[in-house]
Structure formats: C-alpha cells, structure tokens
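# Geometric and topological summary
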Amino acid sequence: MIKTNRLALDNFICFQIIGTRPDVCLEDRQLPGAKWAPGAALNYATQILRHANDKPDDTALIMRSETFGDSRMTWSQLREQVASVAHALTQMGVTRGDRVTAILPNTETALIAFLATVSLGAIWSICAPDMGHVAILDRFKQITPKVLIAQDSYVHAGKTIDRSDVINDIIAGLSSLSQVVMVTVGAPLPDGHMNWADLTVDKVPFAPIEVPFDHPLWIVYSSGTTGNPKPIVHGHGGIVLEAHKQSLHHDLTAADIFCWLTSSGWIMWNAQWMGLACGASVALFDGAPNHPDMLAVWRFVAQQRVTNFGAGAAFFDTCRKAQIKPDLLDLTALRALGSTGSPLSPDAYRWVYADVKQDIWLAPISGGTDLAGAFVLGNPLMPVKLGEMQCRALGNAVSAYDAAGHEVFDQVGE
C-alpha cells in the first residue's frame, strides 16, 4: 500500500478536476489487479463542459464538413445539446453501464453523443462510417449495445456515399439494440427509428453523475490483424488525467485553437478532446484532405487561425511529395505541428521548415490505442532535432533496449 496521497491530490488540484478526490494514488501495486485512485469519483463530461461556466459564449467547436458545411458552436450551446441528448438517452432506458454505439464521422454530432452517453455513466464506442459492415459488427457484437446512432450518408471528395444498406445490415446483426437514432442527410427517416435532430432540442439541465475513477468511459479496439478486434476499455479518471497531461506536452492553453486531422475510427479522435479539457477551441475537419487539392486542410488551418495542428505522418509526407507550399497561406497563428501514426521522415522534417513555417515547433509523438495516449511526446522547452521525438511522456516508464535487454541511450534500440 502506498500511504501518500500527495500525487493524486496534486493532479486533482493542478488540473482543477471536479469531483471527489482519492484517498491514495495507487493501492495494490501489482499487475493484474492494480487499483488506481480508490475513493475518487468524477465524470469526464463534467471536466470537459466546466468551461461553459467560465466562457459560455466563447467558441468551443469550429467545424468544416463536406457534408454539412462550415459552422461553429459555443460552450453553452455544446452543453445545452449534450444535456438534451442525455435526457433523450435516459428516456430510451440508457443507464449506467449500458453501451451506446455510433457510426458517425468526425463532426460535432459524434462529440455531443459521446459526452451525453458518458455523462450518464453509460459506455461509448464509435466506428468510422467508411468501415465495412463486417468490421463494424466484429466490434459492436462483442459489447451488446443498447442504442446505435448512425448517419445514413456522407460526402467525400465531392461524392455522396450512401451507407443506408450497410447500416441496415449492421442493425440486423445487433440483436441487443433497443433503439436506433439516425442522422439523416438525404434519405427519409426509416420507420421505427428516431431522428437525431429531435434529440437536441429539449431545454433541460446538464446533470452528469459521478462515477468511480476506473468506471468505463469508452471502448476502442485493436486492429483485428490477429483475429477479431479486441475491445479495450479506458476509464473516466485515467483519460481525464491523460488529456491534461497531453495538453501540457502539446503546450495547449485556453487561448489556443487545436486541430488534429483524424477520422472517428482512429484513437486520435478520442485524443483530440484534450483541447477541450484545457479550455481550448477544437477545430474539426470532416472531408477528403486532398479535395479539391492537397492544400484543402492547410486552407482550413489558415482561415480558422489554428494555433496547434496535427496529422498522421503520411499526410505530411504526401504534402511533401505533392510539392505544395502551405507557407503561401497566412499561417501566422500556427505555432506548433504534431505528427503520429508512423515515423516522420527526415525529409518531412526538412519540408516542414522549408515550406510550412521556419519558426514552427515540430513535435512528432508516438503512442497507442491500448492506452489512448502517447509514450513519447513533445516538450516546448527542448530543441527539435532532425528525425527525433523530444521526450518520454510524463508518468510513463519509457526506455530503449538492445538485443540483450540492456537499456541504451543515444543509439538505436527497441
């Protein structure tokens, strides 16, 4: 038993976490079976939406969608819609521990549904709309959801992609469903389904419940390359702390506009809400990054005055190979770039400083779905070196080893 509670208290105070503080940081130091922050109670949605109290009319979300166009949402509007959808889910019979699943793109709808779900102590899981019905069923059948929220079609690279038949196949394969909610884009609402728009209009108080530190927040999945995708559960407390820790590594503040180019099927969809956790605005891009050309995302970054932008390393390398020059746009607000998903090549580092911005902070990261976070991250107090990431993540025991299992420094290791 660890007797001190200093670390746990410091984290709760430093990050202004709303909830019941733990008695100790960690008891039963063993794996499996480690118990973190016993006695703590909180809710992830409370931690995100607390900013609606301080700056209700400030912008929380900036959206660009090929399907829905451009829009913005204030903190108070976000909280109102989350409260309304949570009320609707309660009327559907959703209670603590139930699973709510979604097939939605990277839009405000997915965030609102997520926060509404977890505010009730229910458990969230999402798949991207471009996934096949077998891949989605391989994931969702394992967790027996009570509710499915889906979008019937979307626009990508200027073309409308109708997913109605795929969604019907998925519904037919999920015998546990008691309700289906549809975001209708072109087709009429199917009989027996609820319309998403009707869930967001009730004026009710935001009333999240506190849950234990390790209460399940969301279920994400392994890739499925070695059999069925394996469900991975993360808890409210761990993800709240991870979000704040990552915001430190990304040097995010409430004054920033944060954007990470991601689909809803990538763990970076979950991670991008670190921006909201610290009070920053989050900019969402829902569409083809190469339509009408490879400057599409960079125009969004410039027009919305994004300060901290991230994407997969493949995106930056594709931009380099296309020989585009984002520095021809007004990127004066942009001060930091992040990259992940695969190693960022030295050539891409050079391209960033030659053709994006000379005085930018480039901070590639490396992490994983299994911890919904990163092992290696940026550090604004350290120099940027060609082809290298800057530092191991706070709170992570990260080392490199040679073939004999000895820890190594300043050389290639595993």
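Each value, and the rule that gives it
Residues numbered from 1 in each chain as written. Predicted model: local features only at pLDDT ≥ 70, side-chain atom pairs only at ≥ 80, totals over all residues. Heavy atoms only, no water. Buried < 20%, exposed > 50% of the residue type's maximum accessible area, 1.4 Å probe, protein only. Helix = DSSP H or I, 4+ residues; strand = E, 2+ residues; numbered from the N terminus. Arc of directions from axis to C-beta. Contact = heavy atoms within 4.5 Å. Phe/Tyr/Trp six-rings, centres within 6.5 Å; stacked < 30°, edge-to-face > 60°. 1 Å grid on protein atoms, 1.4 Å probe; cavity = no way out; pocket = protein on both sides within 12 Å on 5 of 7 lines; lining within 4 Å. Points joined across faces, edges and corners; volume = space filled by probe spheres on them. Nonpolar A, V, L, I, M, F, W, Y, C, P; charged D, E, K, R; others polar. Axes fitted to C-alpha atoms, helices over the stretch in contact; angles between N-to-C directions. Parallel < 35°, antiparallel > 145°, perpendicular 65-115°, else oblique. Left-handed = near helix turned anticlockwise from the far one by under 90°.

### Things to note about helix H6 (residues 133-140)
- What H6 keeps buried is the set Ile136, Leu137, Arg139 and Phe140. Considered in projection along H6, the buried side chains sweep an arc of 160 degrees and stay on one side of the axis.
- In this structure, the buried residues of H6 make contact with strand S7 (99-103), strand S8 (123-127), strand S9 (147-151), helix H7 (164-172) and strand S15 (216-221).

### Re the packing of aromatic side chains
- One pass over the full model with this rule turns up 16 aromatic pairs.
- Aromatic pair Trp124 and Trp269: ring centres 6.4 Å apart, planes at 20 degrees, arrangement stacked. Taken together, the positions of Trp124 in strand S8 and Trp269 in helix H10 (residues 267-271) put the pair 145 residues apart, joining distant regions of the chain.
- Ring plane angle 65 degrees and centroid distance 5.3 Å describe the contact between Trp298 and Phe309, whose orientation is recorded as edge-to-face. On the criterion of sequence distance, the pair formed by Trp298 in helix H12 (residues 296-303) and Phe309 in strand S19 (residues 308-312) is long-range, its members being eleven residues apart.
- Exposure remark for Trp298: the relative accessible area of 0% places this residue in the buried category.
- Using a relative accessible area of 0% as the deciding quantity, one classes Phe309 as buried.
- Following the ring pairs from residue to residue traces out a cluster consisting of Tyr44, Phe114, Trp124, Trp218, Trp269 and Trp273.

### Here we look at the layout of surface pockets
- Of the volumes computed, that of the second largest pocket is approximately 1200 Å³.
- Together, 32 residues line the second largest pocket, and Val376, Glu388, Met389, Gln390 and Cys391 are the ones closest to its centre.
- Sorting the residues of the lining of the second largest pocket by element identifies strand S20 (336-340), strand S23 (373-377) and strand S24 (391-392) as the ones contributing at least two each.
- Class assignment of the residues belonging to the lining of the second largest pocket gives a composition of 16 nonpolar, ten polar and six charged.

### Focus on unusual backbone geometry
- Between Leu31 and Pro32 the backbone carries a cis peptide bond, its omega angle lying at -5 degrees.
- Structurally, Pro32 can be placed in the loop between strand S2 (26-27) and strand S3 (35-36).
- Here His291 and Pro292 are connected by a cis peptide whose omega angle stands at 5 degrees.
- For Pro292, the location among the structural elements is in the loop between strand S18 (281-286) and H12.
- Backbone geometry at Ala157 places phi at a positive 55 degrees, although glycine is not the residue there.
- By the secondary structure assignment, Ala157 is in the loop between strand S10 (153-156) and strand S11 (159-162).

### Focus: the packing of H6 against H7
- Where H6 meets H7, the axes come as close as 10 Å, and the angle between the chain directions of the two elements is 30 degrees. Classified by the angle between their axes, H6 and H7 sit roughly parallel to one another. Between H6 and H7 lies a crossing whose hand is right-handed. Of the residues in H7, those touching H6 at His133, Ile136 and Leu137 are Val166, Asp169 and Ile170.
- The class makeup of the residues in the contact of H6 with H7 is four nonpolar, one polar and one charged.

Bear in mind that shape data such as this cannot, by itself, settle questions of function.
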